[in-house]
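An overview of the molecular structure
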Amino acid sequence: ANSYAQNSTFADYHRRKSIRTRKIHSDNLATFAAFLGETGIVRTGPQLQTTPSAWAVMTDGLVTAYREWLLQSGYAIGSINLKLSTVKIYCKLATKAGALDVREHAMIRLVDGFSETETKMVDDMRSQCRVSSKKAEPTHIDLAQARQLKRHPSTAQGRRDAVLMTLLIDHGLRAGEVALLKVGDFNLTEGTFTFFRPKVNKTQTHIMTADTAAAIRAYFEAGDAPAAGHFLLRGSRKGGELSAPKPLKIWEDDEDGNPREIDGKPGMSASSLSMRVRALGKRIGIDKLSAHDCRHYCFTDAARNGTGIVELRDAGGWNSFAMPNEYIAAAAIANKGLKQSA
């Protein structure tokens, strides 16, 4: 029984995690495998994700060297902390499976990432540009551009794009939140939709704006939207056609060859969705537009029009007032109320 439990440690862990989490781990372990290759240790990302014995050679010195390697390679501090955390998770699993020495794991646990207060100091000391897809500042969108981004031709792809952009611009959803939307999340009678925010682990309901409601209705009435039980957005094919709908659940054989139902993949992943946003931005003259730029526009515009901090926090799905306060501060007129002589 103990032997079976040890051998199934990794598989059991993966069964408990979402597709998104497993994908993040896969990407992070591929980076770790690249580092190990430079040290002469040959491992692949899939081996590290599925095979406890692949972790038998790990030491705290090796993990510390990996942290330094990420730093010198220019990765953002947030990315370093996340990649380091993934390695430590799998070291813990390997220890539980009996592949990694308990004492060695205790030392690995002491290898910390960087705190918020350390981040600025570390970045100031680094001469290299960091490796990150995130921009230092969001790309500015004005009202006219926002309206352009929500208007699209009356084609299957155009109607899909109108749904995508209204959800980003009018509701400030994150790319991953849009990707996870299901057909059944929308209530056309009440004019609302419900969605999950993985980043903060909460489910919320929004009232659709007029533009969002119009885009959703057009998408459904034209027959572009999938049937119930599918993800809302469909991917694109060459020529502008939409790809086949993606079901929420699919059947897959487990390690013993028995069929089981697992989460399906969205029709548009967060990355493909982001690529489409960039292409649509470029079409109207905005370079490197991102889904987060649309979110930034949504809440900057709301703050500028007098939305209160509580309403901003709730609409944006934050757990604190830190980010809403930044939007309100940025929208404030610094010399409003200043009294001067004529």
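We now turn to the structure provided with this report. None of these values were measured; they are calculated from a predicted model. (Residues numbered from 1 in each chain as written. Predicted model: local features only at pLDDT ≥ 70, side-chain atom pairs only at ≥ 80, totals over all residues. Heavy atoms only, no water.)

**Thoughts on the side chain of threonine 31**
For clarity, the cut-off: In this description a helix means any DSSP run of H or I spanning at least four residues, a strand means any run of E spanning at least two, and both kinds are numbered starting from the N terminus. In what follows, residue pairs with any heavy atoms lying within 4.5 Å of each other are defined as contacts.
Position of threonine 31 among the secondary structure elements: in helix H3 (residues 19–38). When near neighbours in sequence (up to four residues on either side) are disregarded, threonine 31 contacts Tyr66, Trp69, Leu70, Tyr75 and Lys83.

**Quick notes on the packing of aromatic side chains**
We count it as follows: The aromatic pairing rule takes the rings of Phe, Tyr and Trp, using the six-membered ring of Trp, and pairs them if the centres are within 6.5 Å, calling planes under 30 degrees apart stacked, those over 60 edge-to-face and the rest tilted. A 1.4 Å probe rolled over the protein chains alone gives each residue an accessible area, and that area as a share of the maximum for its type sets the label: buried under 20%, exposed over 50%, partly exposed in between.
Across all of its chains, the model carries 15 aromatic pairs by this definition. When the centroid spacing of 5.6 Å and the interplanar angle of 55° are considered together, the rings of phenylalanine 35 and tryptophan 69 count as tilted. Here tryptophan 69 lies in helix H5 (residues 60–72) and phenylalanine 35 lies in helix H3, a separation of 34 residues in the sequence. With a relative accessible area of 4%, phenylalanine 35 lands in the buried category.

**So, the nonpolar core**
So the rule is basically this: By nonpolar core is meant a set of buried Ala, Val, Leu, Ile, Met, Phe, Trp, Tyr and Cys residues that side-chain atoms within 4.5 Å join together.
Of all hydrophobic cores here, the largest spans 36 residues; its most connected members are Met165, Leu168, Val178, Leu181, Leu232 and Leu273. With 7 residues, the single largest contributor to this core is helix H10 (residues 156–171). Beyond its immediate stretch of four places on either side in the chain, leucine 168 contacts Leu173, Val178, Leu273, Val277, Ala291, Cys294, Arg295 and Cys298. Core analysis: the next-biggest nonpolar cluster, separate from the first, contains 31 residues, Phe35, Leu62, Val63 and Ile77 among them.

**Focus on the environment of leucine 70**
Looking at the element boundaries, leucine 70 is found in helix H5. Through-space distance from the C-alpha of leucine 70 to that of phenylalanine 35 is 8.7 Å; in sequence the pair is 35 residues apart.

**Brief notes about the environment of isoleucine 250**
With respect to the helices and strands, isoleucine 250 occurs in strand E4 (residues 249–253). Overall, the relative accessible area of 35% leaves isoleucine 250 in the partly exposed class. Taking the C-alpha atoms as reference points, isoleucine 250 and aspartate 263, 13 residues apart in sequence, are found 6.4 Å from one another.

**Concerning the sheet that holds strand E2 (residues 192–197)**
Just so we agree on the cut-off: We call two strands paired when DSSP finds no fewer than two bridges between them.
Strand order in the open sheet formed by 3 strands is E1-E2-E3, and the pairing between neighbours is antiparallel. Either end of the sheet is taken by a strand with one partner, and the two such strands are strand E1 (186–187) and strand E3 (202–207). In this sheet, E3 lies alongside E2 in antiparallel orientation, the contact comprising 6 bridges. The partner of phenylalanine 196 across the bridge, within E3, is threonine 203.

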